[in-house]
Amino acid sequence: MIPPSMEFYNITYLEHFFGPDPEEWLSSVRHMKNTAIGNNTHKSNLMNVGVVPRLLHFMIDDTSNIELLVECAVVLGSIAKGTVDNIHGLVENGCLSVLLKGLEHPNLKYVEACLRCLRTVFISPAAPVELIYQDPSLVPRLIDLLPRSSCTQECVTNILAHCCKTEEQQVVLCSNGAIGALASLLCSNIYRVQLPTLKCFVQLCYKNDQVANAVATACYCGEYLSSLIVKLLARDKPAEMQIAAAQCLTYLCRAGAIDTKAPIIVLKTIPTLVRMCKKDRQITERVKGAETLAYLTEVDLELQQTASITDHAIKTIAEYFKYPPAEDGGLKEKSRQFEELSTLELRQAAFRAFASLGANDEEIRKKVIETENLMDHIVSGLSHPKVQLAALRCMHSLSRSVQQLRTTFQDHSVWKPLMQILNSAPDDVLTVASATLCNLLLEFSPSKEPIIEMGALYILVGLTKKDNPALRLNGIWALMNMAFQAEQKIKSQILSALSTDQLFRLLADPDVNVLMKTLGLLRNLLSNKPHIDHIMTIHGNQVMPAAILILEGDHPVEVKEQTLCILANVADGDIAKDFIMGNEDVLKKLMSYMLHADVRLQIAAVFCISNLLWNEDDGALERQVKLREMGVQKLLQGLISSSNTTLFDKVKTALQQFT
């Protein structure tokens, strides 16, 4: 049955197309091609009446002449340019295997027709990218086609650029000689070849140190590829080319293939990216410019400082929050839906850029926070799924500022929406939200008290039980901050909510960062003499074996140092001292660490001994006698000649306690 929407067309050609007469097939396919051009409805109708299996049949039939083969491939390419459903339909009908097989044909015109269709399919979001890598001979075949013509170059580079998404795929392309084969095309005078070639290098270098270094050290005609790419940053190049070149150099830099201080980064890449953020640029250019700048500067303080003073970058990115303008002045060429999407994309890009720029420098954070209504935009962004994560990253970056925690963050009560997110969010969002909460729970933050009152304790305890180590880390880190200089009531609540079982489970955590923060929590809980005695009276029989286990285990110096500091806090208690003095194994451990090769452990051990000896505390004389008999005084006298000033001071103080 012919669909109603096709009744207006001359459908005789379809009868010939499906008919038995070979003389009619070629003309019918050509007619089909001409009627489908520019008409998506007609393309979809052709799919519905089943032309695709028939076209594929012609293409695999050895008796089909070359003209018919070419026209069939062209029609498939035209159908592919219709809707995404058409792409799905072509894939489901087995179109790709036939087209890929067509690449082996000796006729260049047919190969080009197959490549054009494949390009259209693979640049679609619906493309089955993995198909390119299933046959080990396919990538080499595509690369071998590059020199055949400008059409093969354009198509193959587009296909490779869109089919390079994972580290494994990057390595496959690299190992098959993609870098050398693509190098010459960076100098192509055909824009539609040069741009996808550059985008291939962008995809190859993204988060892959090995491939990025191979690209950075590769040469073409005696010139490094990085030098060729820098030339594509020139202002007379199209904006899309400039952005792609800046992306490629950014990825090379982040991979360590180009030094962060290199002029091509500081004087070329950063200014280009900031220029792309300007108000007169297209929305896509502004978004890519800011997001690439964010990635480039994310982990490097000097790049953050350089970017922040480049061509008014902060003020330029602040303009993103003013889109759409109140009056479009006739420039409103897109629908309201497009404007809403553009607004979200710009805000997400701005949040990411500000998060990176303000990550480490207080002066930059101060300039960022001066952006008009920024905190209002952040709080608003926290409730929108599209920009939530970026808004959180920006808030996390700004929350590193003591001044902002005391002023701006408190004025806007940012902890309220943050707590809502912590109650239910995916892990990536939860990780950033909980990291931000860690900062809001610092001792000097005015938000600390209302956050505790809002029930943060139980949320954080829940995080410590997560499988994700980043969430466990943030949960215990926040509890550590909560316990710092806290009242005994808060400390008791923490221990009660966390439970000693979970606390000691965390002390055996395989992630050393989680272990360190758990020790930090324990150290903060065991501070202030009355608190130390209270907690040790209840939990001392569990604390001491856990400490011994760590000191005897194979742990980094930092972990053992923190454990010794906990024992030093225990030794500062009035009643708690007995847990150490009554355990000769612990005392011998302390003595052995006084002679350790690492001075940090010596200092911590001597500090603990000094607290046990402290002559102003009750029972000091008895403890001094016991420790003298064990040989502690002699050990201290042997350390008095230490060249380390901190150790010398601690030893001197300890010796002065003996009476």
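Refer to the structure presented above.
Quantities reported herein were computed from a predicted structural model and do not represent experimental measurements.

A. Main features of the overall build of the protein chain. Check the secondary structure of the protein chain and you find 43 helices and 2 strands. Its C-alpha atoms give the protein chain a radius of gyration of 34 Å, more than 25% over the compact-globule value 26 Å for 659 residues. Considering only C-alpha atoms, the protein chain reaches an extent of 115 × 55 × 50 Å along its principal axes. Classification of the 659 residues of the protein chain by burial places 54% in the buried group. In the protein chain, of all internal contacts separated by at least 6 residues, the share reaching a separation of at least 24 is 67%. Within the structure as shown, the protein chain displays about 29,500 Å² of accessible surface, and the carbon and sulfur contribution to it stands at 51%. Seen as two clouds, the 63 positive and the 72 negative side-chain charges of the protein chain have centres 4 Å apart.

B. Fine view of the packing of aromatic side chains. Taken as a whole and assessed by the stated rule, the structure comprises 8 aromatic pairs. With a centroid separation of 5.7 Å and an interplanar angle of 85 degrees, the aromatic rings of F17 and F58 are classed as edge-to-face. Taken together, the positions of F17 in helix 1 (residues 12-18) and F58 in helix 4 (residues 51-60) put the pair 41 residues apart, joining distant regions of the chain. F17 sits in the buried class, given a relative accessible area of 0%. An aromatic cluster is built from F17, F18, W25 and F58, whose rings are joined through pairwise contacts.

C. Representation of the side chain of Q388 in the model. Examined against the element boundaries, Q388 turns out to sit in helix 25 (residues 388-398). In terms of polar contacts, Q388 uses its side chain to reach the backbone carbonyl oxygen of L382, at 2.8 Å. The residues contacting Q388, other than those within four sequence positions of it, are G381, L382, I421 and V429.

D. Representation of unusual backbone geometry within the structure. Between Y323 and P324 the backbone carries a cis peptide bond, its omega angle lying at -5 degrees. Checked against the element boundaries, P324 lands in the loop between helix 21 (313-318) and helix 22 (336-357). The phi angle at C221 is positive, at roughly 55 degrees, despite the residue not being glycine. Along the chain, the position of C221 falls in the loop between strand 1 (219-220) and strand 2 (223-224). On the basis of relative accessible area, C221 is assigned to the exposed category, the value being 67%. You will see that S499, though not glycine, has its phi angle at about 75 degrees, which is positive.

E. The arrangement of the pattern of salt bridges in detail. Scanning the entire structure with this criterion turns up 24 salt bridges. With its nearest N and O atoms 3.7 Å apart, the salt bridge here joins E302 to K261. Taken together, the residues span a long stretch of sequence, with E302 in helix 20 (residues 301-308) and K261 in the loop between helix 17 (239-254) and helix 18 (263-276) at a distance of 41 residues. Among the residues examined, E302 registers a relative accessible area of 44% and is labelled partly exposed. Bridged by salt links that share partners, the residues K529, D572, D574, K577 and D617 form one connected network.

F. Region of the structure containing helix 33 (residues 488-498). Among the residues of helix 33, I490, K491, I494, L495, A497 and L498 are the ones counted as buried. Residues of helix 33 that are buried make contact with helix 30 (448-453), helix 31 (456-463), helix 32 (469-483), helix 34 (500-506), helix 35 (512-525) and helix 36 (529-552). One or two positions beyond helix 33, positive phi appears at S499, with a value near 75 degrees.

G. Molecular detail of the environment of R192. With respect to the element layout, R192 can be found in helix 14 (residues 191-205). Spatially, the C-alpha atoms of R192 and L374 are 40 Å apart, while their sequence positions differ by 182 residues. Apart from the residues lying within four places of it in its own chain, the contact partners of R192 are S150, E154 and N158. Separated by 2.8 Å, the side chains of R192 and E154 make a polar contact.

H. Up close: helix 7 (residues 95-102). The buried count for helix 7 comes to 6 of 8 residues, which makes it a mostly enclosed element. Those residues of helix 7 lying buried are C95, L96, V98, L99, L100 and G102. Buried residues in helix 7 make contact with helix 4, helix 5 (66-80), helix 6 (84-92), helix 8 (108-122), helix 9 (131-134) and helix 10 (138-144).

I. Broad picture of the nonpolar core. M59 and I580 are the most contacted members of the largest nonpolar core, which totals 237 residues. Ranked by the residues each element gives to this core, the list is headed by helix 36, at 10 residues. If we skip the residues at most four places from it in the chain, M59 touches L69, C72, A73, L76, V98, L99, Y110 and C114.

J. Focus on the packing of helix 4 against helix 5. Close contact between helix 4 and helix 5 brings their axes to 9 Å; oriented N to C, the two are set at 150 degrees. As helix 4 packs across helix 5, the resulting crossing turns out to be left-handed. Between helix 4, through V51, V52, L55, L56, F58 and M59, and helix 5, the contact on the second element is made entirely by L68, L69, C72, A73, V75, L76 and I79. A class-by-class count of the residues in the contact of helix 4 with helix 5 yields 13 nonpolar, no polar and no charged.

K. Quick look at the environment of D501. Summarising the element assignment, D501 is placed in helix 34. Judged by relative accessible area, D501 falls into the exposed class, the value being 51%. Once the C-alpha coordinates of D501 and Y295 are considered, the two residues, 206 residues apart in sequence, prove to be 41 Å apart.

L. Molecular detail of the environment of K560. Turning to its location among the elements, K560 is positioned in helix 37 (residues 557-572). On the basis of relative accessible area, K560 is assigned to the buried category, the value being 13%. Along the sequence, K560 and L46 sit 514 residues apart, while their C-alpha atoms lie 73 Å from each other. Beyond its immediate chain neighbours, meaning those up to four positions away, K560 contacts I550, L551, G553, H555, Y593 and L601.

The rules behind these values
Residues numbered from 1 in each chain as written. Predicted model: local features only at pLDDT ≥ 70, side-chain atom pairs only at ≥ 80, totals over all residues. Heavy atoms only, no water. Helix = DSSP H or I, 4+ residues; strand = E, 2+ residues; numbered from the N terminus. Rg over C-alpha atoms; globule rule 2.2 N^0.38 Å. Buried < 20%, exposed > 50% of the residue type's maximum accessible area, 1.4 Å probe, protein only. Contact = heavy atoms within 4.5 Å. Areas by Shrake-Rupley, 256 points an atom, 1.4 Å probe, with all protein chains shown as cover. Lys, Arg positive; Asp, Glu negative; His and termini not counted. Charge placed at Lys NZ, Arg CZ, Asp CG, Glu CD. Phe/Tyr/Trp six-rings, centres within 6.5 Å; stacked < 30°, edge-to-face > 60°. Polar contact = N/O pair within 3.5 Å; in protein donor to acceptor, adjacent residues only side chain to side chain. Salt bridge = Lys/Arg side-chain N within 4 Å of Asp/Glu carboxyl O. Core = buried A, V, L, I, M, F, W, Y, C linked by side-chain atoms within 4.5 Å. Axes fitted to C-alpha atoms, helices over the stretch in contact; angles between N-to-C directions. Left-handed = near helix turned anticlockwise from the far one by under 90°. Nonpolar A, V, L, I, M, F, W, Y, C, P; charged D, E, K, R; others polar.

All we've got here are geometric facts, nothing functional implied.
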